[in-house]
Amino acid sequence: MIERVLEEDKNEIRDIWDDIFGFDDGGYNNYYFDNVYDKGKHYCIRKDNKIANTLSVFYSPYMLNNRMIEVSMIVGVATLKEYRHQGLMTEMMKEVLDFLSYQNLVTMIQAYDPSLYIPYGFDIIYHRKSYFITKDNYQITETRGISDTVNTEDMLKAYALFVKHFNGYKVRSISDFELMIKKCEALGQKIMMVYDKGRIKGYFIYELKEDKMIIDEAVYHDIKTLTKIISWALKHSDELELILSDNEDIEKVYGPLKSEIHDYTMVRINDYELFNKLYGTDVTNTKDGFELINKPLYMHEEV
């Protein structure tokens, strides 16, 4: 039987995360349970007086074709090893998706194994693309105006300008950027601001791994700003992995680059009748619904 996780169960849920997701932690679990966990709704199935299976649901405002809707995101789907292959995940997903269908038009999930969630009506809708750039294949330009003094209000301004080119994006607030700072501190990442003549033009989040810099989020007002970001990265590392949405085809500007595409966000339309009514469509599956979206997607959020 599915039930809400109690407040006193938080440490037990944390132990499950450490056991199942610890291989890919890097400090994220500390950040999540200290700053994010209490904002969600958490569910479990108990067996033998302990939590055998759990998942969490978070809610966020998203802009989709000029309409702001509340989107639910499922995270932390986990079953203890001794209780796997007993149908607990199926029971949990079906019941949670049933009540989410009455609450939210769209539900999202990010999965290590997307094939597990296709039977529940999820489709891989959003991909990210890693571009691998080195000093050998890039002409470094000037980098004036890049600062490590983080300003959340300027980050919000830069993001608001950036997402005008996209659709299906989270409507972020100052509190989202305050959380982002804490997350970066937990993961060993840094945030850099980009200005031009005192005006905010973007920001980026990076980490260094040996001689390689990884930029996990780059928000930029124009191609001049992106060029400045790439140049700054290559002044501080031998190689750059720049991770963007797969719709940001920077090869049109910079020429052929080595790249890889990664599955990122799965989406489920919970009510096709309402979706079709709101957006003037006539679709019967999630992939077709999001292919009709009039701008490229930017579904970058983890929670």
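Remember, predicted model here, so these are calculated numbers, not experimental data. (Residues numbered from 1 in each chain as written. Predicted model: local features only at pLDDT ≥ 70, side-chain atom pairs only at ≥ 80, totals over all residues. Heavy atoms only, no water.)

Draft legend 1. Summary view of the pairing of strand 10 (residues 199-209). Of all 11 residues in strand 10, eight are buried; the element is thus mostly enclosed. Relative to strand 10, strand 9 (residues 190-196) runs antiparallel, the two sharing seven bridges. Residue K190 lies in a different strand from strand 10, and its bridge partner there is Y206. Two successive antiparallel strands, strand 9 and strand 10, enclose a turn made up of two residues, where K197 displays a positive phi of approximately 55°. Where strand 10 meets strand 11 (residues 212-220), eight bridges bridge the pair, whose relative direction is antiparallel. Residue pairing for strand 11: I205 is matched across the bridge by E217. (Buried < 20%, exposed > 50% of the residue type's maximum accessible area, 1.4 Å probe, protein only. Helix = DSSP H or I, 4+ residues; strand = E, 2+ residues; numbered from the N terminus. Pairing = 2+ DSSP bridges.)

Draft legend 2. View of the environment of E239. Relative to the assigned elements, E239 resides in strand 12 (residues 239-245). A sequence separation of 52 residues divides E239 from E291, and the C-alpha atoms of the two residues are 34 Å apart. Residues contacting E239, with those up to four places away along its chain left out, are F132, I133, T134, D211, K212, M213 and L234. (Contact = heavy atoms within 4.5 Å.)

Draft legend 3. Region of the structure containing the packing of aromatic side chains. Across all of its chains, the model carries 24 aromatic pairs by this definition. When the ring of Y32 is compared with that of Y37, the centres are 6.2 Å apart and the planes differ by 80°; the resulting orientation is edge-to-face. A relative accessible area of 0% places Y32 in the buried class. Among the residues examined, Y37 registers a relative accessible area of 5% and is labelled buried. Grouping aromatic residues by their ring pairs yields a cluster made of W17, F21, Y28, Y31, Y32, F33, Y37, F58 and Y112. (Phe/Tyr/Trp six-rings, centres within 6.5 Å; stacked < 30°, edge-to-face > 60°.)

Draft legend 4. Here's a closer look at the pattern of salt bridges. One pass over the structure, following the stated rule, counts 16 salt bridges. For the salt bridge of R46 with E3, the shortest nitrogen-to-oxygen distance reads 2.8 Å. One end of the pair, R46, is in strand 2 (residues 41-47); the other, E3, is in strand 1 (residues 2-4), and 43 residues separate them in sequence. One salt bridge in this structure joins D9 and R46, with 2.5 Å as the shortest N-O distance. In this pair, D9 is assigned in the loop between strand 1 and helix 1 (10-21) and R46 in strand 2, connecting sequence segments 37 residues apart. Given the relative accessible area of 7%, D9 is considered buried. (Salt bridge = Lys/Arg side-chain N within 4 Å of Asp/Glu carboxyl O.)

Draft legend 5. Local environment of empty space enclosed by the protein. In total, this model carries two cavities of 30 Å³ or more according to the counting rule given. By volume, the largest cavity is sized at about 40 Å³. Around the largest cavity, the lining residues are Y62, L64, I69, V71, V106, M108, G168, F290 and M299. The set of elements that each furnish at least two residues to the lining of the largest cavity consists of strand 3 (50-64), strand 4 (67-79) and strand 5 (106-109). Split by residue class, the lining of the largest cavity holds eight nonpolar, one polar and no charged. There is about 30 Å³ of room inside the second largest cavity. (1 Å grid on protein atoms, 1.4 Å probe; cavity = no way out; pocket = protein on both sides within 12 Å on 5 of 7 lines; lining within 4 Å. Points joined across faces, edges and corners; volume = space filled by probe spheres on them. Nonpolar A, V, L, I, M, F, W, Y, C, P; charged D, E, K, R; others polar.)

Draft legend 6. Representation of the packing of helix 2 (residues 28-36) against helix 5 (residues 174-187) in the model. Across the interface, helix 2 lies against helix 5 with an axial gap of 8 Å and an inter-helix angle of 145°. The crossing of helix 2 and helix 5 is right-handed. Here Y28, Y31 and N35 of helix 2 lie close against helix 5, whose contacting residues are L179, K182, K183, A186 and L187. In terms of residue class, the contact of helix 2 with helix 5 is made up of five nonpolar, one polar and two charged. (Axes fitted to C-alpha atoms, helices over the stretch in contact; angles between N-to-C directions. Left-handed = near helix turned anticlockwise from the far one by under 90°.)

Draft legend 7. Broad picture of the pairing of strand 9. Most of strand 9 sits inside the fold, with five of its seven residues counted as buried. Pairing of strand 7 (residues 146-147) with strand 9 involves two bridges; the strand directions are antiparallel. Along strand 9, the bridge assignment pairs S147 with M193.

Draft legend 8. Structural view of the nonpolar core. If you look at the biggest cluster of nonpolar residues, it comprises 102 residues, and the most contacted ones within it are I74, F204, I215, L242 and F290. Element by element, the count of residues in this core is highest for strand 3, at eight residues. If we ignore the near neighbours within four places in the chain, the residues touching F290 are L64, V106, I125, V267, I269, L297 and M299. (Core = buried A, V, L, I, M, F, W, Y, C linked by side-chain atoms within 4.5 Å.)

Don't take any of this as a statement about function, it's just geometry.
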